[in-house]
Amino acid sequence: VSSLVRCPLCLVDDDKVVDSRAAEEGASIRRRRHCLACGHRFTTYERVEELPLMVLKRSGQRQPFDRRRLVAGLQAAAKGRPLSGHILEGLAVEVEETFREAGGGDVPSDAIGRAVLERLLRLDEVAYLRFASVYKDFGGAADFGRELQLLKATAPKHH
Ligand SMILES: [Zn+2]
């Protein structure tokens, strides 16, 4: 399921998203788009789908997907690394959207963890390894609050 987005200049539906970030406190997603037909750049705001996206943990617990917690976990993993907050937010938005576009519903925490790691590996190896170790120990990337605590406990002290 892909949304139809037409270029406001040439009206062709063929564009590449060059940047995604949360807007309106997470209620919508602002995208910078580049029309592949005419080269025009434009911005769209999309409402976050109202479809519930639930994380199914290995313990059998279900909880609503919480992008802010994911971003917090990513920020902890990327501490001291050259990754800006908006890059990490974009990653979280992309992962969330992948699952929402696939229909939402119950998504195993493992699948979310893998989707995050796949993207993190392309960005920064150190952040990837940190996130991966915590994710493995806690059996699911949904335990972001606990991951954050662990990272705080194990992060090297800077003097
Ligand atoms: Zn165009």
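Just so we're clear, the structure is a prediction, and the values are computed from it rather than from any experiment.

## Some thoughts on the overall build of the chain
So, step 1. Check the secondary structure of the chain and you find five helices and six strands.
So, step 2. The burial tally for the chain puts 40% of its 159 residues in the buried class.
So, step 3. Contacts spanning at least 24 positions in sequence make up 48% of the contacts within the chain whose residues lie at least 6 apart.

## So, the coordination of the zinc ion
So, step 1. Here the zinc ion is held by the protein donor atoms Cys7 (SG), Cys10 (SG), Cys35 (SG) and Cys38 (SG), which lie 2.3 to 2.4 Å from it.
So, step 2. Donor residues for the zinc ion sit on one chain with the sequence pattern C-x2-C-x24-C-x2-C. Taken together, the residues cysteine 7 in the segment before β1 (15-23) and cysteine 35 in strand β2 (residues 28-35) connect sequence positions 28 residues apart.
So, step 3. For cysteine 7, a relative accessible area of 1% gives the class buried.

## A word on the pairing of β2
So, step 1. In this structure, β1 lies alongside β2, joined through eight bridges in antiparallel fashion. Directly across from alanine 22, in β2, lies its bridge partner isoleucine 29.
So, step 2. Here β1 hands over to β2 after four residues, with glutamate 24 in that stretch at a positive phi of 50°.
So, step 3. Here seven bridges tie β2 to strand β3 (residues 41-47), and the two strands are oriented antiparallel to one another. The residue of β3 that forms the bridge with arginine 32 is threonine 43.
So, step 4. Here β2 folds back onto β3, and the loop between the two strands holds five residues, one of which, glycine 39, carries a positive phi near 85°.

## Some remarks on the environment of leucine 117
So, step 1. Checked against the element boundaries, leucine 117 lands in helix α3 (residues 109-123).
So, step 2. Taking the relative accessible area as the measure of exposure, leucine 117 reaches 10% and is therefore buried.
So, step 3. Once the C-alpha coordinates of leucine 117 and alanine 132 are considered, the two residues, 15 residues apart in sequence, prove to be 6.9 Å apart.
So, step 4. Beyond its immediate stretch of four places on either side in the chain, leucine 117 contacts Tyr128, Phe131, Ala132 and Tyr135.

## Quick word on α3
So, step 1. Here α3 contains 15 residues, and its C-alpha end-to-end distance of 21 Å stays within 8% of the 21 Å for a straight helix at 1.5 Å per residue.
So, step 2. Regarding α3, the residues found buried are Ser109, Ala111, Ile112, Gly113, Ala115, Val116, Leu117, Arg119 and Leu120.

## Points about the confidence of the model for the chain
So, step 1. Scored by pLDDT, the chain has a mean of 81; 81% of the residues are at 70 or more.
So, step 2. Mean pLDDT values for the elements of the chain range from 53 in helix α5 (residues 144-154) up to 91 in helix α1 (residues 67-77).
So, step 3. This model gives residues 138-142 a pLDDT under 50, and the stretch forms 21 contacts once residues within four places in sequence are excluded.

## A few points about the pattern of salt bridges
So, step 1. Counted according to the given criterion, the structure contains nine salt bridges.
So, step 2. Between aspartate 19 and arginine 21 there is a salt bridge whose closest N-O contact spans 3.3 Å.
So, step 3. Across the pair glutamate 97 and arginine 31 runs a salt bridge whose closest N-O atoms are separated by 2.0 Å. Of this pair, glutamate 97 sits in helix α2 (residues 85-101) while arginine 31 sits in strand β2; the two residues are 66 residues apart in sequence, bridging distant segments of the chain. Taken as a pair, glutamate 97 and arginine 31 share a single burial class, namely buried.

## Structural notes on the nonpolar core
So, step 1. Core analysis: the biggest nonpolar cluster contains 25 residues, and Leu70, Leu74, Val95, Phe99, Ile112, Val116 and Phe131 have the highest contact counts within it.
So, step 2. Sorting the residues of this core by element identifies β4 (53-56), α1, α2, α3 and α4 (125-138) as the ones contributing at least two each.
So, step 3. The biggest single contributor to this core is α3, with six residues.
So, step 4. Leaving out residues up to four positions away in the same chain, isoleucine 112 has contacts with Val55, Phe65, Val95, Phe99 and Val107.

Analysis parameters
Residues numbered from 1 in each chain as written. Predicted model: local features only at pLDDT ≥ 70, side-chain atom pairs only at ≥ 80, totals over all residues. Heavy atoms only, no water. Helix = DSSP H or I, 4+ residues; strand = E, 2+ residues; numbered from the N terminus. Buried < 20%, exposed > 50% of the residue type's maximum accessible area, 1.4 Å probe, protein only. Contact = heavy atoms within 4.5 Å. Donors = N, O, S within 2.8 Å, 3.2 Å for Na, K, Ca; no water. Pairing = 2+ DSSP bridges. Expected span 1.5 Å × (residues − 1). pLDDT = per-residue confidence, 0-100. Salt bridge = Lys/Arg side-chain N within 4 Å of Asp/Glu carboxyl O. Core = buried A, V, L, I, M, F, W, Y, C linked by side-chain atoms within 4.5 Å.

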